[in-house]
Each structure stands twice: as C-alpha cells, then as structure tokens.
Amino acid sequence: FCVLLVLAAFRGQTVGTDSAMYARFFYARTYEEFELAVHGLYAFARHVGLYDVVPFILAALFLYGMLRGIYKHCPNDAIGLLLFVLTFVYLTSFNQMRQLVAAALIFGFIGLLMKKGVRKLPFAIVVLIASLFHQSALFLFVLFFVPRRRFHPLFIAVLFAFATVCYFTPAVKESVGL
C-alpha cells in the first residue's frame, strides 16, 4: 500500500494527462465546478498551501478501495494485486483520479450488496459518498435491482453492448459528466 501510495501521490505534475490540469485548477483557484468532496479537498489543500495534498488523498482513497476489494473478493490476494498493477488499473489512476476514487469505493464495498439480508442502506451511503468524487457513481444505484444470481452470457454481452453505446453517445456522456 505504502509503495503504491508514494508512487501515485508524489508523481510529478506532468505525469498523467489530468495531473497538470488538476494542478492548474489548484493554482488558478478554479475548482468550484467539481463535486463537493473534490471541492472540499481543494479548499483544504489551499488552506494548507500545498497542492500535493490533493493527489495524496485521492491516491489513498483509491488504493484503499481497490485493495479492500481485492482482499475481500479475490480468492488469491497476490494474483489480484498483480492483476491490479499489470492491467494498468493502478496507472490509470494517474489520469482519471476522481472517477477511479468513486469506482474504487464502490469496488471496496460491493460486498454489502452481495451478503444475504438487507444491506442496501450502507451501500447507498457508499454510493452517495462515491458520487461526492464523481457524479457518475449515482448510476450504481441500479445495482439494487440486480438479482443475486448467475446471468446468461448472452445477457451480459447485450448489457455490455448497451453500456458501450451509452458511453459513446455524447448526450449520455455530457449528462453524467464524463
């Protein structure tokens, strides 16, 4: 955790396409358009007077959610961690900081929906917290309506195709802030 955190948090502002943009927002004080948690994070960093607070906290939240998810849901922690790094999910966090913090929080706490019994309120709170980093997390309320069973591969393929079409539809992307 510590090695990955140091690499992600203290990278240069020119590493990753979004890093320079986030730094510009900090120095120009033009971060009001972001979600509430990100806005608060920038305000805290301005109060402290150090931009490095922003990538450090975002990287810590991202790594916490992802590693929690790996340790809770992967049968082999070492292979899960290896895949996390080798499939570039870790490196993608250098670019898409806000989105991946939201995704990592969901991944880390998805088990709340997978357990038997009513666990919807805690997961709803996690989704709301994730949406404070990126509003696209609100789409994950759909998971409340997904039954806990195996799905036919054709159904998964159709769902994937639908999500892909939505992703490449400009009106959909603009409405969710992608």
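Residues numbered from 1 in each chain as written. Predicted model: local features only at pLDDT ≥ 70, side-chain atom pairs only at ≥ 80, totals over all residues. Heavy atoms only, no water.

Novice: Teacher, can you tell me more about the nonpolar core here?
Specialist: Soluble globular proteins: nonpolar side chains tend toward being buried together. Within the largest apolar cluster, 42 residues are counted, with the highest numbers of intra-cluster contacts made by Tyr 42, Phe 62 and Phe 123. Of all the secondary-structure elements, those providing two or more residues to this core are helix 1 (2-9), helix 2 (17-28), helix 3 (36-48), helix 4 (53-73), helix 7 (97-109), helix 8 (111-114) and helix 9 (120-131). In terms of residue count, the dominant contributor to this core is helix 4 (10 residues). (Core = buried A, V, L, I, M, F, W, Y, C linked by side-chain atoms within 4.5 Å. Buried < 20%, exposed > 50% of the residue type's maximum accessible area, 1.4 Å probe, protein only. Helix = DSSP H or I, 4+ residues; strand = E, 2+ residues; numbered from the N terminus.)

Novice: For this particular structure, what's the right way to read the packing of aromatic side chains?
Specialist: Aromatic ring pairs are defined here through the distance separating the ring centres and the angle between the ring planes. Taken as a whole and judged by the stated rule, the model has 1 aromatic pair. Residues Tyr 64 and Phe 109 carry aromatic rings whose centres are separated by 6.3 Å and whose planes lie at 45° to one another, so their mutual orientation is tilted. Here Tyr 64, found in helix 4, pairs with Phe 109, found in helix 7; they are 45 residues apart in sequence, far enough to count as distant. (Phe/Tyr/Trp six-rings, centres within 6.5 Å; stacked < 30°, edge-to-face > 60°.)

Novice: Any chance you could explain a nonpolar patch on the surface here in plain terms?
Specialist: Together, Leu 36, Leu 121, Ile 125, Ile 129 and Leu 132 give the surface a local cluster of nonpolar side chains, amounting to about 480 Å² of exposed area. The dominant element in the nonpolar patch, judged by the number of residues it contributes, is helix 9, at 3 residues. Structurally, Leu 121 can be placed in helix 9. Classification of Leu 121 as exposed rests on a relative accessible area of 61%. (Patch = residues over 30% accessible without salt bridge, like charges linked within 9 Å, V, L, I, M, F, W, Y side chains within 5 Å. Areas by Shrake-Rupley, 256 points an atom, 1.4 Å probe, with all protein chains shown as cover. Salt bridge = Lys/Arg side-chain N within 4 Å of Asp/Glu carboxyl O.)

Novice: Sorry if this is basic, but what is going on with the side chain of Arg 98 here?
Specialist: If you trace the backbone, Arg 98 turns up in helix 7. In this structure Arg 98 touches Tyr 22, Phe 34, Glu 35, Val 38, Phe 133 and His 134, once residues within four positions along its chain are discounted. (Contact = heavy atoms within 4.5 Å.)

Novice: Before we go on, may I ask you to explain the side chain of Ser 131 in this structure?
Specialist: Mapped onto the secondary structure, Ser 131 falls in helix 9. Within polar-contact distance, the side chain of Ser 131 engages the backbone oxygen of Leu 128 at 2.7 Å. (Polar contact = N/O pair within 3.5 Å; in protein donor to acceptor, adjacent residues only side chain to side chain.)

Novice: I keep staring at the packing of helix 3 against helix 4 and nothing clicks. Help me out?
Specialist: The description of two helices packed together rests on the angle between their axes and the distance between the axes. Following both chains from N to C, one finds helix 3 and helix 4 inclined at 135°, their axes separated by 9 Å at the closest point. Relative to helix 4, the element helix 3 is oriented oblique. The two elements helix 3 and helix 4 cross, and the hand of that crossing is right-handed. Every residue of helix 4 that contacts helix 3 at Leu 41, Tyr 42, Phe 44, Ala 45 and Val 48 is listed here: Val 53, Val 54, Ile 57 and Leu 58. (Axes fitted to C-alpha atoms, helices over the stretch in contact; angles between N-to-C directions. Parallel < 35°, antiparallel > 145°, perpendicular 65-115°, else oblique. Left-handed = near helix turned anticlockwise from the far one by under 90°.)

Novice: Where do I start with the environment of Leu 5 in this structure?
Specialist: Within the secondary structure layout, Leu 5 lies in helix 1. The buried category is assigned to Leu 5, whose relative accessible area is 9%. Each C-alpha atom of the pair Leu 5 and Tyr 64 lies 9.6 Å from the other, and the pair is 59 residues apart in sequence.

Novice: What is the right way to read the environment of Phe 109 from this model?
Specialist: Overall, Phe 109 belongs to the buried group, its relative accessible area being 19%. As for Phe 109 and Arg 68, which are separated by 41 residues in sequence, their C-alpha atoms are 7.9 Å apart. Those residues in contact with Phe 109 that lie beyond four places of it in its chain are Tyr 64, Arg 68, Phe 123 and Val 126.

Novice: Teacher, can you tell me more about the packing of helix 4 against helix 7 here?
Specialist: Between helix 4 and helix 7, whose axes approach to 7 Å, the crossing angle comes to 30°. Looking at the two axes, helix 4 sits roughly parallel to helix 7. For helix 4 against helix 7, the interelement crossing comes out left-handed. Contact residues: helix 4 offers Pro 55, Leu 58, Leu 61, Phe 62, Tyr 64, Gly 65, Met 66, Arg 68, Gly 69, Ile 70 and His 73, while helix 7 offers Met 97, Leu 100, Val 101, Ala 104, Leu 105, Phe 107, Gly 108 and Phe 109. The class makeup of the residues in the contact of helix 4 with helix 7 is 14 nonpolar, 4 polar and 1 charged. (Nonpolar A, V, L, I, M, F, W, Y, C, P; charged D, E, K, R; others polar.)

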